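What the coordinates show
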Amino acid sequence: MLNQANLGLIFLSAFLVNNILLIKFLGLCSFFGLSKDIKSSIGMGLAVIFATVMACCLSWAVYNLLLLPLHLEYLRTATFILTIASFVQFEEIIIRKKLPVLYKAFGIYLPLITTNCAILACAFLGVDYKLSFIQNLVFSIALPAGYALAIILFASIREKIDVAPLPEVFKGAPISFITAGLMSLAFLGFKGLFKL
Amino acid sequence: MKIDFKNFVNALWKENAIFYLMLGLCPFLAVSSSVRDSIGMGIAVIFVLAGSNVTISLIRKFVPSHVRIPAFIVVIATFVTIVDYSLAALSPQIHRNLGVYLPLVVVNCIILGRAEAYASKNNVISSLLDGLGVGIGFALVIFVVSIVRELFGNGTILGHQIFGANFTPFLIMIMPPGAFIVIGFFIALKQGIERRGKKC
């Protein structure tokens, strides 16, 4: 199980072997929506890393320090989504007031994160795997880093596809999916790194 | 009270959540490798969509508009929790296979999208129909795609051997890349059908 693995292994597992986008299929709406050019994919990647680390640590604390001692595990879904939604709102206000440069860089991507399933999945998986706080911290850095890696790579490929000659019916969504499938195939190769 | 049947049909094919709107992809791609799991996921999505659409339509007049999104999310999360626990009791195996994708239905963009775009503006019966239409549209597509993936990836449908013992499974179909590639070809097929329809 992941909670017995050392920190390096947890990082590699979440970053490459179980890549959140290409192997676990989470956060796909933004993956296809915001990968039209490299610049916006970098913005989205950074915004997701930033929000996931904070939000996952917070929901880890809420679950282990509040829900578990009170035996309220069945409220998990509702509390996590509310924690994340309110946290992203809060974060947006703080960044807008204190770090206007960063706010400009994140732009519209920050509010979009609330409904990004990658973040909620990170919170759920951290709890499901029964990770300790430090393990959860490493996990919640590696997971969105894998997201950023995949979305930036995909955007770079997509810029080339846009000018390539294609059969009419494959234009747009179909070719994006097939490209993602080939990338996913490449990522499956990392499975050989270790057994878990 | 006007009941909107046209919208129901529209949601099934022309504006299908998966093929046209590209919403709700996460559970769709992850679960469609087995027919049994996709039936479970389809039913879960239909139930959550219909339930949350009806509830949101009922409360739409009391909820102030600036807190409506959190209110909708709480309603959806309640239905997801109901499904999560009922499925764990009714069929522990499907519940285990669906894993983290079942609670993640709560952030499925289809559901919040329908709540915001339709149920918060329309009457109860129309909202119920809309929820059923979008849900059934999702369930049908996931069912068809899972048949293709399980048949070629495992040589079975619902666990029954179709091709006999000498068949070597086309393993990639049930692995993650297969999901992307199969759905890519399906969308190409839908685009092809629609283009042909326009030409005639």
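Residues numbered from 1 in each chain as written. Chains lettered and ligands numbered in written order. Predicted model: local features only at pLDDT ≥ 70, side-chain atom pairs only at ≥ 80, totals over all residues.

Thoughts on the overall build of chain A
- Summing up its helical and strand segments, chain A has nine helices and zero strands in all.
- In sequence order, the secondary structure elements of chain A are arranged as α-α-α-α-α-α-α-α-α.
- Taking 2.2 N^0.38 as the reference for a compact globule, 196 residues should give roughly 16 Å; the C-alpha atoms of chain A span a radius of gyration of 18 Å, in line with that estimate.
- The dimensions of chain A, computed from C-alpha atoms along their principal axes, are 60 × 45 × 30 Å.
- For chain A, buried positions account for 41% of its 196 residues.
- Contacts in chain A between residues at least 24 apart in sequence constitute 80% of all its contacts with a sequence separation of at least 6. (Helix = DSSP H or I, 4+ residues; strand = E, 2+ residues; numbered from the N terminus. Rg over C-alpha atoms; globule rule 2.2 N^0.38 Å. Buried ≥ 20, exposed ≤ 12 C-beta atoms within 10 Å, placed from the backbone. Contact = placed C-beta atoms within 7 Å.)

Considering the overall build of chain B
- Secondary structure assignment for chain B yields eight helices and two strands.
- Starting at the N terminus and ending at the C terminus, chain B contains elements arranged as α-α-α-α-α-α-α-β-β-α.
- The C-alpha extent of chain B, read off along each of the three principal axes, is 60 × 50 × 25 Å.
- A total of 200 residues make up chain B; the buried ones form 48% of that total.
- For chain B, long-range pairs separated by at least 24 residues make up 77% of all intrachain contacts whose partners lie at least 6 apart in sequence.

With respect to the interface of chain B and chain A
- Across the contact, 36 residues belong to chain B and 31 residues belong to chain A.
- Going through the elements one at a time, α2 (25-31), α4 (68-90), α6 (109-119) and α8 (176-199) of chain B are the ones with two or more residues in the side of chain B that touches chain A.
- At 13 residues, the largest contribution of residues to the side of chain B that touches chain A is made by α8(B).
- Of the residues belonging to the side of chain B that touches chain A, the class tally is 29 nonpolar, five polar and two charged. (Nonpolar A, V, L, I, M, F, W, Y, C, P; charged D, E, K, R; others polar.)

Considerations on the nonpolar core
- Core analysis: the biggest nonpolar cluster contains 107 residues, and L120(A), A121(A), A123(A), C26(B), V48(B), I76(B) and L104(B) have the highest contact counts within it.
- At 10 residues, the largest contribution of residues to this core is made by helix α7 (residues 117-128) of chain A.
- When residues no more than four places from it in sequence are discounted, the contact partners of I76(B) are V48(B), S52(B), V106(B), I111(B) and L112(B). (Core = buried A, V, L, I, M, F, W, Y, C linked by C-beta atoms within 7 Å.)

Some details on helix α1 (residues 7-17) of chain A
- Among the residues of α1(A), those classed as buried are I10(A), S13(A), A14(A), F15(A) and L16(A).
- Structurally, α1(A) contributes buried residues whose contacts are with α8 (133-161) and α9 (173-188) of chain A.

Let's talk about the packing of helix α1 (residues 5-12) of chain B against helix α7 (residues 124-154) of chain B
All names here are of chain B.
- Viewed as axis vectors pointing N to C, α1 and α7 meet at an angle of 15 degrees, and their least axial separation amounts to 7 Å. Between α1 and α7, the angle falls in the class roughly parallel. As α1 runs across α7, the sense of the crossing is right-handed. Residues F5, N7, F8, A11 and L12 of α1 form the contact with α7, whose participating residues are L129, D130, L132, G133, V134, I136 and G137.
- In the contact of α1 with α7, the residues fall into eight nonpolar, three polar and one charged. (Axes fitted to C-alpha atoms, helices over the stretch in contact; angles between N-to-C directions. Parallel < 35°, antiparallel > 145°, perpendicular 65-115°, else oblique. Left-handed = near helix turned anticlockwise from the far one by under 90°.)

Digging into the confidence of the model for chain A
- The pLDDT averaged across chain A works out to 83; a share of 93% of its residues lies at or above 70.
- Across chain A, the element-wise mean pLDDT spans from 68 in helix α6 (residues 109-112) of chain A up to 91 in α8(A). (pLDDT = per-residue confidence, 0-100.)

Looking at the confidence of the model for chain B
Residues and elements named next belong to chain B.
- On average, residues of chain B carry a pLDDT of 84, and 94% of them reach 70 or more.
- Averaged pLDDT values over the elements of chain B bottom out at 73 in α1 and peak at 91 in helix α3 (residues 35-59).
- Among the prediction metrics, the complex's ipTM stands at 0.80, with pTM recorded as 0.82.

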